[in-house]
Amino acid sequence: MTEMSETSQLTLPGKPSLLLKWCWRELWHGQLWPVAVALTLIIGCVFALSSLVVRVEKIMVDQGRSMIAADLVFRSPNPIDDAVLEQARTQGLTVSQQTRFGTMAFSEQQMQLVSAKAVESDFPLRGELILKKGEDVQHQVRPGELWLAERLFSLLEVEPGDVVSIGDAELKVSGRIVQEPELSFNPFSQMPAVLIHSDDLDRTGAVQPGSRVQFRAYFVGPDEKLAQLQQGITLEPGQRWISETSQGRTGDLIERARQYLSLTLILVILMATATLVLTCLHYTSTRIETVAMMKSLGAGKAWLWRWLSRQLMMLFGIAAVAGLSLGWGLEFLLRLPLSDALPDPLPGIGVTPFAVSLLVALLVAIPGVGISLLRLVDAPAISVIQQQVDWPVKRRGYVLILVPVVTALFWFGSNTLMWLTLAGLSVLLVVLAIFGLLFVALLRRGKWGAAVRLALSRIGRSPMATGAQLAALTSSLMLLAVIWLLRTDLLADWQQTLPANAPNVFALNISPEQQEAYISELDRNQVVRSDSYPVVRGRLTAINRQDVEAKKASGELSDESLRRELNFTWRKTMPVHNVLLEGDWHSQGGVSVESGIADRLGIGLGDELTFNVNSQPFSATVTSIRQVEWRNMRPNFYFIFTPDVMAELPATWLVSYRIEAEQNALVNQLGRNFPTVTLLDLRIMAERIQGILQQVSLSLSVLAALGVSSGLLLVLTLLRLSLSQRKEELKLYRTLGASRQRISATVWSEYGIMALIAGIMAAAGAEAVVAALVKWGFELPLQWHPALWLVVPLLSLLLVVIIIRSMIRQLLLPLRG
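Draft legend 1. Structural detail: the overall build of the protein. When helices and strands are tallied, the protein shows 24 helices and 23 strands. With 817 residues in all, the protein has 52% of them scored as buried. Sequence separation of 24 or more characterises 82% of the internal contacts of the protein that already satisfy a separation of 6 or more. Approximately 38000 Å² of the protein is accessible, and the part contributed by carbon and sulfur atoms is 58%.

Draft legend 2. Up close: the pattern of salt bridges. Within this structure, the stated rule accounts for 10 salt bridges. Here Glu565 makes a salt bridge to Arg537, at a shortest N to O gap of 3.5 Å. Pair noted here: Glu565 is in the loop between helix H17 (548-554) and strand S16 (566-570) and Arg537 is in strand S14 (residues 533-543), with a separation of 28 residues, a long-range link. Classification of Arg537 as partly exposed rests on a relative accessible area of 34%. Among the salt bridges present, the one from Glu608 reaches Arg545, with a minimum N-O distance of 3.5 Å. Of this pair, Glu608 sits in strand S19 (residues 608-613) while Arg545 sits in the loop between S14 and strand S15 (546-547), and the two are 63 residues apart along the sequence. A residue is classified by how much of its surface remains accessible, and Glu608, at 25% relative accessible area, is partly exposed. Accessibility expressed as a relative area gives 69% for Arg545, which makes it exposed.

Draft legend 3. Here's a closer look at the side chain of Thr569. Among the secondary structure elements, Thr569 is positioned in strand S16. A polar contact of 2.5 Å, which involves the side chain of Thr569, links it to the backbone oxygen of Pro534. Once residues lying within four places of it in the same chain are set aside, the contact partners of Thr569 are Tyr533, Pro534, Phe637, Phe639, Ile640, Phe641 and Met646.

Draft legend 4. Spotlight on the confidence of the model for the protein. This prediction gives the protein a mean pLDDT of 76; 73% of its residues lie at or above 70. Within the protein, the lowest mean pLDDT, 39, falls on helix H1 (residues 3-10), and the highest, 93, falls on strand S21 (residues 639-641).

Draft legend 5. Structural detail: the pairing of strand S8 (residues 169-179). Judged from the 3 bridges that link them, strand S4 (residues 130-133) and S8 form a sheet pairing that is antiparallel. When the bridges of S8 are listed, Lys132 appears paired with Arg176. For strand S6 (residues 146-149) and S8, the ladder comprises 4 bridges, and the chain directions are parallel. In the sheet register, Leu146 faces S8, and the bridge partner there is Val173. Note: strand S7 (residues 163-166) against S8, 4 bridges, orientation antiparallel. Paired with Val164 across the strands is Leu171, a residue of S8. The antiparallel hairpin formed by S7 and S8 contains 2 residues in its connecting segment, where Gly167 sits at a positive phi of about 65°.

Draft legend 6. View of the side chain of Asp607. Within the secondary structure, Asp607 sits in the loop between helix H18 (595-601) and S19. Look at Asp607 and you get buried, because its relative accessible area is 14%. Separated by 2.7 Å, the side chain of Asp607 and the backbone nitrogen of Gly604 make a polar contact. Residues contacting Asp607, with those up to four places away along its chain left out, are Asn544, Gly602, Ala620, Thr621 and Val622.

Draft legend 7. Just unusual backbone geometry, in detail. In the segment running from Phe123 into Pro124, the intervening peptide bond is cis, with an omega of 0°. Relative to the elements of secondary structure, Pro124 occurs in the loop between strand S3 (111-119) and S4.

Draft legend 8. Looking closely at the nonpolar core. Counting 38 residues, the largest nonpolar core has Leu146, Leu148, Leu152, Val164, Val194 and Phe219 as the members making the most contacts within it. With 37 residues, the next largest nonpolar core counts Ile288, Val291, Leu304 and Leu315 among its residues.

Draft legend 9. Layout of the packing of aromatic side chains. Overall, the coordinates contain 16 aromatic pairs when judged by the stated rule. Judged by centre distance (6.2 Å) and plane angle (50°), the ring pair of Phe219 and Trp241 falls under tilted. Separated by 22 residues along the polypeptide, Phe219 in strand S10 (residues 213-220) and Trp241 in strand S11 (residues 240-242) bring together distant segments of the chain. As far as the burial class goes, Phe219 and Trp241 line up, both buried. Between Trp784 and Trp789, the aromatic rings sit 6.0 Å apart at their centres with planes inclined by 25°, giving stacked as the arrangement. For Trp784, a relative accessible area of 59% gives the class exposed. We classify Trp789 as partly exposed; its relative accessible area is 34%. Site record: aromatic cluster; members linked through ring pairs are Phe568, Phe611, Phe618, Phe639 and Phe641.

Draft legend 10. Examining the packing of helix H16 (residues 512-524) against helix H20 (residues 664-673) more closely. For the pair H16 and H20, the least separation of the axes is 12 Å and the interaxial angle reads 160°. Classified by the angle between their axes, H16 and H20 sit roughly antiparallel to one another. Crossing geometry of H16 relative to H20 is assigned as right-handed. Contacts between H16 and H20 involve Tyr518, Glu521, Leu522 and Arg524 from the former and Gln669, Leu670 and Asn673 from the latter. Split by residue class, the contact of H16 with H20 holds 3 nonpolar, 2 polar and 2 charged.

Draft legend 11. Focus on helix H4 (residues 82-90). Within H4 the residues assigned to the buried category are Val84, Leu85 and Ala88. Projected down its long axis, H4 shows its buried positions confined to an angular sector of 95°, all on one face. In H4, the exposed positions that point more than 90 degrees away from the buried face belong to Asp82 and Thr90. Where H4 is buried, its residues meet strand S2 (94-106), S10 and helix H7 (223-231). One side-chain oxygen of the residue at the start of H4 lies 3.1 Å from the amide nitrogen of Ala83, identifying that residue as Asp81. Gly92, located one to two residues past H4, shows a positive phi value of around 85°.

Draft legend 12. Broad picture of the environment of Pro77. Within the element layout of this structure, Pro77 appears in the loop between strand S1 (72-76) and H4. The class for Pro77 is partly exposed, based on a relative accessible area of 36%. Measuring from C-alpha to C-alpha, the distance between Pro77 and Phe215 comes to 6.0 Å, with 138 residues separating the pair along the chain. Every residue in contact with Pro77, bar those within four places of it in the chain, is listed here: Val213, Phe215, Pro237, Gly238 and Gln239.

Draft legend 13. Expanded view of the environment of Val399. Along the chain, Val399 falls in the loop between helix H11 (395-398) and helix H12 (402-412). Counting along the chain gives 32 residues from Val399 to Pro367, while the straight-line C-alpha distance between them is 8.3 Å.

Draft legend 14. Quick look at a nonpolar patch on the surface. A grouping of Val399, Ile401, Leu402, Val405, Val406, Leu409 and Phe410 is seen on the molecular surface, where their side chains present a nonpolar patch of about 660 Å² in accessible area. The class of Val399 is partly exposed, set by a relative accessible area of 48%.

Draft legend 15. How the structure looks around the environment of Gly167. Structurally, the position occupied by Gly167 is in the loop between S7 and S8. Given the relative accessible area of 30%, Gly167 is considered partly exposed. Along the backbone, Gly167 and Ala116 are 51 residues apart, and their C-alpha atoms lie at a distance of 9.7 Å. If near-sequence neighbours (up to four positions away) are discounted, Gly167 is found in contact with Thr103, Met104 and Thr204.

Parameters at a glance
Residues numbered from 1 in each chain as written. Predicted model: local features only at pLDDT ≥ 70, side-chain atom pairs only at ≥ 80, totals over all residues. Heavy atoms only, no water. Helix = DSSP H or I, 4+ residues; strand = E, 2+ residues; numbered from the N terminus. Buried < 20%, exposed > 50% of the residue type's maximum accessible area, 1.4 Å probe, protein only. Contact = heavy atoms within 4.5 Å. Areas by Shrake-Rupley, 256 points an atom, 1.4 Å probe, with all protein chains shown as cover. Salt bridge = Lys/Arg side-chain N within 4 Å of Asp/Glu carboxyl O. Polar contact = N/O pair within 3.5 Å; in protein donor to acceptor, adjacent residues only side chain to side chain. pLDDT = per-residue confidence, 0-100. Pairing = 2+ DSSP bridges. Core = buried A, V, L, I, M, F, W, Y, C linked by side-chain atoms within 4.5 Å. Phe/Tyr/Trp six-rings, centres within 6.5 Å; stacked < 30°, edge-to-face > 60°. Axes fitted to C-alpha atoms, helices over the stretch in contact; angles between N-to-C directions. Parallel < 35°, antiparallel > 145°, perpendicular 65-115°, else oblique. Left-handed = near helix turned anticlockwise from the far one by under 90°. Nonpolar A, V, L, I, M, F, W, Y, C, P; charged D, E, K, R; others polar. Arc of directions from axis to C-beta. Patch = residues over 30% accessible without salt bridge, like charges linked within 9 Å, V, L, I, M, F, W, Y side chains within 5 Å.

Structure follows, in structure tokens:
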């Protein structure tokens, strides 16, 4: 029968297409439905995960931007050029300005150093400003108003309606600042805040030649317009862009959470892809005889492709509808644990999750399904009479792999973390397969029972197949371990940097005469505090007698720390919250340097550094390099000297401590008892950070659970397909007289050995991958996970037990004639 006659018989005009009916029957009664299930799971998992990623990322970005009161902030020590503001407005951005300066606030009874902010009526552009006078609440500053931080009412001994002088201006106190969107994370630069309107700035006389004034411009608009604005402005010395990813603690938290979200999505896609490939291979192996029979009856490759393509289109359509429905419901379930932390209303997800889930499924299906079907279509017709063990896939089939690879190149771009992960996983797959085979070879040399010997013989009979199975099983377990360990390490790092008992108040400018009395007052009230530190401000002027300014001018050095005065301190012992990386802690003539600035400035042990404090130069030798965690709300310093180097310099003291809710009155009492001490109350900021941390922690836990579930599904699919492939072989053993007990023991031994080997190698691989990602991707301290070496092998054995128990009865049935 020719191809033309076959096609005409199967598509008679005026009747339903027999070909379509056959395709539908093949889809549900053949072996293609597992592929449909795999595609459905890919679309559902990717949709649910990407939807939650979009929502969580929008929430984190909104939280981060509310902390800077805009989408983007431009900070400058000089008045901002009108051309910059006009350019932003031309691009359709909303613009607001602020002038910030330190000054003295005078009431009739007291005076206090304050941080004054002159804002426009539309401030803030993001976040919420809450101003309260009695029971009245407003959210913007009007001309002629003066709003004070809560603590200033007791420090200045004033009430709303009293007059307070800010610089040269006398303004009536309008009320108190209940909540302010932007808060500084640098305790050394923060003072109690006052808000005035920008129309009243000139009256203060604050902006004078030589005054320490900071100018800020706030922008809100589309991200592409903001990026365009940044690219069009060349920064001058002292100027800086501030975004949600560069604003201290929240910026770091948001960036690492973004990395984890992206990485989890990639790992879930990898595991779902592996599930799809496995099911396609299984489908191919079950349809060889069918294709061979059709070829023997005269079907050509063109007809076979039409037959298969119709099935695939029907399959993808069904998987798309089922997958999106599943993903929608799954995303709803994933949000349930976050209901208390998520805002109302929720940010929309747009069309991105729909497009991403369908595109990912299509991209992974092209090589995953295509290569298997190319091999199926090339099956020789003689297979209907004599089973063929193998035949090669034409080289053009492997070109399909370029489709997702090229897409990944555009998608990941220069994302080092993603390429590091993918490259590491690729290498590990090969290494783990080799180690698995070597381990099996070693086991075969031992003396074992008959069942174990038969199992080892079966495993070692096909090295390529065994290596592939071990690599697949190991990588599946490893990926789900990686997802969970990364989540655990990230949360552990955040909890360490901002624990529940983190300091939330800083006391600065404590005079030497007050230092002992102030510390005693804290201890008497049982306040948890840090050590107290002497502080002087100065500059680094030379490295090994080479002038820093000259190196800056030549472009050899460029670092923010060289543009301003730094805070120096001295101690006999290293702070307990620092980690010594190199050198020793000396007691004389030395300085300990923070590792980050040491790397940026090329400072090493033994270098001679020259400093200047109050026009007094002095030198010290680098004796140690320290690792400093800047996010832990404790006093931290770039340079810590031995006491003999700086003890003669005039200094004030610093201490940080934690005030609990029942100790609120103590802050005001300390302000009255020590009026010259600057108290920096960071409790509102700490609460906000804890709130963001709670949201992110819950989100990461839910996402990790989804990733682990995908990994478990892959492992279960792998085990079921592997056992299904053994079905005919085991039935033959049974028919030839092997006892049920012997076959059962062999199956349990074979898969038990493979599960144990895979579990141990997965634990080792997960430790290696997580260590690499933590060190070079997330830049966190390395951690050892001893429980992993017990949990993963036990999980692997448990999954094997579940699958074998569900299939062993059918596998042990004798072959029927």
